[in-house]
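Remarks on the overall topology
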Amino acid sequence: MTMAQIKYFVTVAKCLSFTKAAEQLFISQPALSRHIRNMEEELNIQLFVRTTNGIRLTPAGSSLYIGMSDMYRNYIELVKKAEKIQKGLDGSLKIGILDQTNVADFMPLIYRYFLEHHPNVDLWFQGGSFDFLVSELYAGRLDMIFTLQFEIKRKESIIYQYVSRSKDHIVMSKYHPLAQKECVTLDDVRRETFVMISEEDNPESAPLILEMCRRHGFVPQVHYAKTLAEQILWIEVGMGVSILDSRTSLKLNPDVKFYEIESNWDPSLVVAWNQNNYNPLISVFLKKMNEILHLENEDIHGAGLDV
């Protein structure tokens, strides 16, 4: 039995007239009668009693009509909901944001847009470390993540788009002796303790910084933080210096000094998603984000695409 047959049966039972039901269904009366007859034969149940004055439901037909009316109504609602989800008008979008990353300049505008224009969409945000965000993205528990380009540019099946072009900085407490200088270079901090994030959380960051230091002729003393939040805490309390991008929320702290440097990797903020994730809300989100940040012509990178 097909959903079309259920539709035909419910309509005839509601009209108690093959003629009126056929008009509503936009099919011929003989074709409608044939569908109902086939349904009765398939179920081995008489659904209607045909009289000279018309038709009426049998007791068995009445029972089926009550149940199938609810079934058909639920089916229609489910289809409508699925169509809305397909169009990006309903459903949920789970977004991960790298710990201590500043997105306050644009994310509230996107959130407000969804509240006003797509009230049936649930935007869900979660902070996390480098490793956590990528793991959750692969597992499908996050639809999109905001992280740094160098961390995900070689990840399999991950595609990304730039959000803002960031620069790297030597970062230290304003109470550090070197913080009195207008310009600080890597040569100035060769004898300082570097605070870096552990390779367990981000296998890219520390090796890149260490290689840059070696090219400048020194190997720094290092304290490894377990998380980005811990790394930032250690900088705030003056345990050492570090290399951080300009999107970190620490840049908003007036008690921390940032000195721009040139690095051999790209610390820009990107939004990334799994190319096998077909949630239509991803494109809805990206379209609004690009409009707000004037990024309509920004390319998509990664996962075998030209970069």
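This text goes with the structure placed above it.
Bear in mind that the values here come from a model prediction, so they are computed numbers and not experimental data. (Residues numbered from 1 in each chain as written. Predicted model: local features only at pLDDT ≥ 70, side-chain atom pairs only at ≥ 80, totals over all residues. Heavy atoms only, no water.)

1. Points about the overall build of the chain
Just so we agree on the cut-off: By the criteria applied, helices consist of DSSP H or I runs no shorter than four residues and strands consist of E runs no shorter than two, each listed in order from the N terminus. Accessibility here uses a 1.4 Å probe with only protein chains present; expressed as a share of the type maximum, an area under 20% marks a residue as buried, one over 50% as exposed, and anything in between as partly exposed. Surface accessibility in these figures is a Shrake-Rupley result with a 1.4 Å probe; residues are shielded only by whichever protein chains are displayed.
Helix and strand content of the chain: ten helices and 13 strands. Its C-alpha atoms give the chain principal-axis dimensions of roughly 105 × 35 × 30 Å. Per-residue burial over the chain gives 46% buried out of 307 residues. When the accessible area of the chain is evaluated, it comes to approximately 16,300 Å², of which 50% is carbon and sulfur surface.

2. Digging into the packing of aromatic side chains
As a reminder of what qualifies: Centre distance within 6.5 Å is the pairing criterion for rings of Phe, Tyr and Trp, where only the six-membered ring of Trp is used; planes under 30 degrees apart are then read as stacked, over 60 as edge-to-face, and the remainder as tilted. The rule for a charge over a ring is simple: NZ of Lys or CZ of Arg within 6 Å of the ring centre, and within 35 degrees of the ring normal.
On inspection of all chains with the given rule, the structure shows ten aromatic pairs. Between phenylalanine 106 and phenylalanine 146, the ring centres sit 5.9 Å apart and the planes meet at 45 degrees, which makes this aromatic pair tilted. Here phenylalanine 146 lies in strand β5 (residues 144–148) and phenylalanine 106 lies in the loop between β3 (91–98) and α5 (107–117), a separation of 40 residues in the sequence. Classification of phenylalanine 146 as buried rests on a relative accessible area of 0%. Judged by centre distance (5.7 Å) and plane angle (90 degrees), the rings of tyrosine 113 and phenylalanine 114 are edge-to-face. Following the ring pairs from residue to residue traces out a cluster consisting of Phe106, Tyr113, Phe114, Phe146 and Phe285. Lying over the aromatic face of tyrosine 162, arginine 165 brings its terminal NZ or CZ to 3.6 Å of the ring centre. When the ring centre of phenylalanine 258 is taken as origin, the NZ or CZ atom of lysine 251, which lies over that ring, is 5.6 Å away.

3. A few points about the pairing of strand β2 (residues 54–57)
For the record, the criterion: Whether two strands pair comes down to DSSP finding at least two bridges between them.
Burial along β2 is one-sided: the face carrying Ile55 and Leu57 is buried and the face carrying Gly54 and Arg56 is not. In the sheet, strand β1 (residues 48–51) pairs with β2 via four bridges, with the strands oriented antiparallel. Within β2, the position partnered with phenylalanine 48 by the bridge is leucine 57. Hairpin geometry of β1 and β2 is characterised by an intervening segment of two residues between the two adjacent antiparallel strands.

4. Some remarks on the sheet that holds strand β4 (residues 121–128)
Our working definition: Helix axes are fitted to C-alpha atoms over the stretch in contact, other axes to C-alpha atoms as well, and angles between N-to-C directions run from 0 to 180 degrees. Note on contacts: a residue pair qualifies if any of its non-hydrogen atoms lie within 4.5 Å across the two residues.
Taken together, six strands build an open sheet; the order of strands is β4-β3-β5-β12-β6-β13 and the sheet is mixed. Single-partner strands in this sheet number two, and they are β4 and β13 (300–302). Taken over all neighbouring pairs, the strand axes of this sheet differ in orientation by 30 degrees on average, direction set aside. Summarising the sheet, strand β6 (residues 158–164) and β13 pair through three bridges and their orientation is antiparallel. Looking across to β13, one finds that isoleucine 159 is bridged to glycine 302. In this fold helix α6 (residues 130–139) packs onto β3, β4, β5, β6 and β12 (269–274), with an angle of close to 150 degrees to the strand it touches most, β5.

5. Details of the packing of helix α1 (residues 3–15) against helix α3 (residues 29–43)
Applied cut-off: Here the angle decides the label: under 35 degrees means roughly parallel, over 145 means roughly antiparallel, 65 to 115 means roughly perpendicular, and every other value means oblique. In this classification, the charged set is Asp, Glu, Lys and Arg, the nonpolar set is Ala, Val, Leu, Ile, Met, Phe, Trp, Tyr, Cys and Pro, and all remaining amino acids, among them Gly, are polar.
Look at α1 against α3: their axes get within 10 Å of each other, and the N-to-C directions meet at 110 degrees. One finds that α1 runs roughly perpendicular with respect to α3. Along the contact surface, α1 presents Gln5, Tyr8, Phe9 and Val12, while α3 presents Leu32, His35, Ile36, Asn38, Met39 and Glu42. Each residue belonging to the contact of α1 with α3 can be placed in one class, and the counts come to six nonpolar, three polar and one charged.

6. Remarks on a nonpolar patch on the surface
Filter applied, for reference: To count toward a patch, a residue needs a relative accessible area over 30% and no salt bridge; like charges are then connected within 9 Å, while nonpolar side chains (Val, Leu, Ile, Met, Phe, Trp, Tyr) are connected within 5 Å. For salt bridges, the criterion is a side-chain nitrogen of Lys or Arg within 4 Å of an Asp or Glu carboxyl oxygen.
Taken together, Leu233, Val237 and Met239 make up a surface patch of nonpolar side chains, about 260 Å² in accessible area. Checked against the element boundaries, valine 237 lands in the loop between α9 (228–236) and β10 (242–245). Residue valine 237 is classed as exposed on the basis of its relative accessible area of 54%.

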